[in-house]
Amino acid sequence: MKVLMLLDHVFPPDTRVENEIKALAFAGNEVHIACLQQQGKPLVEQTENCVIHRFPISKLVYKSSVAVLKFPMYFNFWRRIVKSLFRENRFDVIHVHDLPLAKVGLEAKSKYGCRFVLDMHENWPVLLQLSTHTNTIFGRLLSSNNQWVKYEVEMCSKADRVIVVVDEAKDRVNALGVSAEKIFVVSNTLNVEQFDPIERTDFDTRLFRMLYVGGINYHRGIQYVVKALAILKSRKIDVHFDLVGNGSYLDSIKQLIKELQVEDMVTVHGFKHFSQIVDVYESASVALIPHIKSGHTDNTIPHKIFQYLYAGIPMVVSDCNPLERIVTETNSGIVYRYDDANALAETIASLYNDRNRLYDYVKEGRKAVIERYNWAVDGKNLCEMYLGL
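Residues numbered from 1 in each chain as written. Predicted model: local features only at pLDDT ≥ 70, side-chain atom pairs only at ≥ 80, totals over all residues. Heavy atoms only, no water.

Colleague: Teacher, can you tell me more about the overall build of the protein chain here?
Modeller: When helices and strands are tallied, the protein chain shows 16 helices and 14 strands. Its C-alpha atoms give the protein chain a radius of gyration of 22 Å, within 12% of the compact-globule value 21 Å for 389 residues. Projecting the C-alpha coordinates of the protein chain onto the three principal axes gives extents of approximately 65 × 50 × 45 Å. By residue count, 54% of the 389 residues in the protein chain fall in the buried class. Intrachain contacts of the protein chain at a sequence separation of at least 6 include 69% that bridge at least 24 residues. Carbon and sulfur atoms make up 50% of the accessible area of the protein chain, which amounts to about 17600 Å² in all. Distance from the positive charge centre (46 side chains) to the negative charge centre (46 side chains) of the protein chain: 7 Å. (Helix = DSSP H or I, 4+ residues; strand = E, 2+ residues; numbered from the N terminus. Rg over C-alpha atoms; globule rule 2.2 N^0.38 Å. Buried < 20%, exposed > 50% of the residue type's maximum accessible area, 1.4 Å probe, protein only. Contact = heavy atoms within 4.5 Å. Areas by Shrake-Rupley, 256 points an atom, 1.4 Å probe, with all protein chains shown as cover. Lys, Arg positive; Asp, Glu negative; His and termini not counted. Charge placed at Lys NZ, Arg CZ, Asp CG, Glu CD.)

The structure is reproduced here in structure tokens:
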């Protein structure tokens, strides 16, 4: 089949989208992807697995995306792109990444007779509800949560297939009235062929290091980690926190680190590619995923959890439903209540005082990735879904 993907940001990088393209191309499909222009990249690029079509966008049109259900400027931008690409190609499927551009995919289905696949990376209505930019007075005027909820129900109901990233998200979409038969789980699992496992033999080294890698905003829960550090410091427990990533809440986290006087316990690395922080992974005693529990985090899963499992790094995670399920199932770490810094500090202290337990948590994790939580399995699920189209 000939597939057109819509992605409303630059590409690459996007690990999930790259994995999906490779899987579909390997199965014999011709994949094109329409995305936003990236400085220094050609407008049209033929890669090994797909054709990338990049389109320049003005700041005004890009910023209008938050109000897309009230004002059609952003939809119109993508409608012109889809029209131009269908003029040159006969696509069998339009594959839309995430909810905002779903209407454009549905219109293409009606106009061009193609199949419409909606790939839901997130619980978008809740994500917007939690976002800083939609919680200002102006933001609330531009983005109505009730409107997004109704839009999601309509788009999922009219799509030929809906892809979600975890079982919990499938249950949620099914509860909206969408048939379970057309909802497929394609998770954010690890492509083990592209990730070298790290041998874990050094949990008894003198410094107990905690690792966080990812975006830094309020809802990632890093503030509770910093508060837990202050508690540990008062108990004279010598741990170190490696914070890798960037985001809108980083300055607030730095200020909290200063206020609680734990600067000596934290290294803020900023954004780094994996190749730049292999040594940080190797020295980590535990990896933290402290996300705040919400309708968003209860219905998605970070790619990093599968990296940690395969790398043999024990985890301390908050009680978001998918995190708790996977860590408990694989016996790869400890779960704590997401908003309880004291519980987090106590969990870390218990591991600090009994490091032999860390070895127990790595035994099943890598095995679980090799047998189940890997992209070979999820890529197969994606391709089988396409065969059903």
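Colleague: Just to check I follow, could you spell out the sheet that holds strand β9 (residues 208–213) for this structure?
Modeller: Strand pairing in a sheet is mediated by backbone hydrogen bonds. Such pairs are either parallel or antiparallel. Spatially, 6 strands are ordered β11-β10-β9-β12-β13-β14 in an open sheet, and the strand pairing comes out parallel. Two strands lie at the open edges of the sheet, namely β11 (266–270) and β14 (333–336), each paired on one side alone. The average undirected angle you get between the axes of adjacent strands in this sheet is 20 degrees. Strand direction decides the pairing type here: strand β10 (residues 239–244) and β11, joined by 4 bridges, are parallel. (Pairing = 2+ DSSP bridges. Axes fitted to C-alpha atoms, helices over the stretch in contact; angles between N-to-C directions.)

Colleague: Could you clarify how one ought to interpret the packing of aromatic side chains in this entry?
Modeller: What characterises a pair of aromatic rings is the spacing of the ring centres plus the angle enclosed by the ring planes. Counted by the stated rule, this structure contains 9 aromatic pairs. Counting every residue linked through ring pairs, the aromatic cluster contains Tyr74, Phe77 and Trp78. In this structure, Lys2 packs its charged tip against the face of Phe91, placed 5.9 Å from the ring centre. (Phe/Tyr/Trp six-rings, centres within 6.5 Å; stacked < 30°, edge-to-face > 60°. Lys NZ or Arg CZ within 6 Å of the ring centre and 35° of its normal.)

Colleague: Got a minute to help me understand the sheet that holds strand β4 (residues 50–55) in this structure?
Modeller: In space, the 8 strands of this open sheet follow the order β3-β4-β2-β1-β5-β6-β7-β8, with mixed pairing throughout. With one partner strand each, in any of the chains shown, β3 (44–46) and β8 (183–185) form the two edges of the open sheet. Shown here is a sheet whose adjacent strand axes are inclined to one another by a mean of 20 degrees, direction ignored. Note that strand β7 (residues 161–164) and β8 share 3 bridges and pair parallel. When the sheet's bridge partners are listed, Val162 is paired in β8 with Ile183. Against the sheet, helix α1 (residues 15–26) contacts β1 (2–6), β2 (30–36), β4, β5 (93–97), β6 (115–119) and β7, and its axis sits at roughly 160 degrees relative to β2. Across the sheet, helix α8 (residues 167–175) is in contact with β7 and β8; its angle to β8 comes to roughly 170 degrees.

Colleague: Can you walk me through the environment of Gln307 in this structure?
Modeller: For Gln307, the position within the fold is in helix α12 (residues 304–311). A relative accessible area of 7% means that Gln307 is categorised as buried. A sequence separation of 115 residues divides Gln307 from Val192, and the C-alpha atoms of the two residues are 8.9 Å apart. Those residues in contact with Gln307 that sit more than four places away from it in its chain are Leu190, Phe195 and Tyr281.

Colleague: What's the story with the pairing of strand β13 (residues 315–318) in this structure? I'm lost.
Modeller: Taken residue by residue, a regular strand's side chains alternate between the two faces of the sheet. Going residue by residue along β13, you find Met315 and Val317 tucked away on one face and Val316 and Ser318 tucked away on the opposite face as well. In the sheet, strand β12 (residues 286–289) pairs with β13 via 3 bridges, with the strands oriented parallel. Bridging from a neighbouring strand, Ile289 pairs with Val317 of β13. Since β12 and β13 lie parallel, the crossover through α12 that links them has a hand, and here it is right-handed. (Right-handed = clockwise from strand over helix to strand, strands pointing away.)

Colleague: Looking at this model, I keep getting lost on helix α13 (residues 321–330). Mind explaining?
Modeller: Listed as buried for α13 are Pro322, Leu323, Ile326, Val327 and Thr330. Across the axial projection of α13, the buried residues extend over an arc of 115 degrees, all falling on one side. For α13, the secondary structure elements touched by its buried residues are α8, β12, α12, β13, β14 and α15 (356–371). A positive backbone phi angle near 50 degrees is found at Asn331, which sits one or two residues after α13. (Arc of directions from axis to C-beta.)

Colleague: So what exactly am I meant to see when it comes to the pattern of salt bridges here?
Modeller: Close approach of charged atoms allows side chains of opposite charge to pair. Within the structure shown, the criterion is met by 16 salt bridges. A salt bridge links Lys109 to Asp160; its shortest N-O distance comes to 3.2 Å. Placement of the pair is Lys109 in helix α4 (residues 102–112) and Asp160 in the loop between α7 (145–158) and β7, with a sequence separation of 51 residues. For Asp160, a relative accessible area of 10% gives the class buried. With a shortest N-O distance of 3.3 Å, Lys233 and Asp264 are connected by a salt bridge. (Salt bridge = Lys/Arg side-chain N within 4 Å of Asp/Glu carboxyl O.)

Colleague: What am I meant to see in the nonpolar core here?
Modeller: In globular proteins that are soluble, nonpolar side chains generally tend to be buried together. Counting residues in each nonpolar core, the largest one holds 73 residues, and the members touching the most others are Leu6, Trp78, Ile94 and Leu118. Residues contacting Trp78, with those up to four places away along its chain left out, are Leu6, Leu7, Asp8, Ala34, Cys35, Leu36, Leu101 and Val104. Residues Leu232, Val239, Leu288 and Tyr336 belong to the second largest nonpolar core, which totals 33 residues. (Core = buried A, V, L, I, M, F, W, Y, C linked by side-chain atoms within 4.5 Å.)

In short, shape yes, function no, at least from these values alone.
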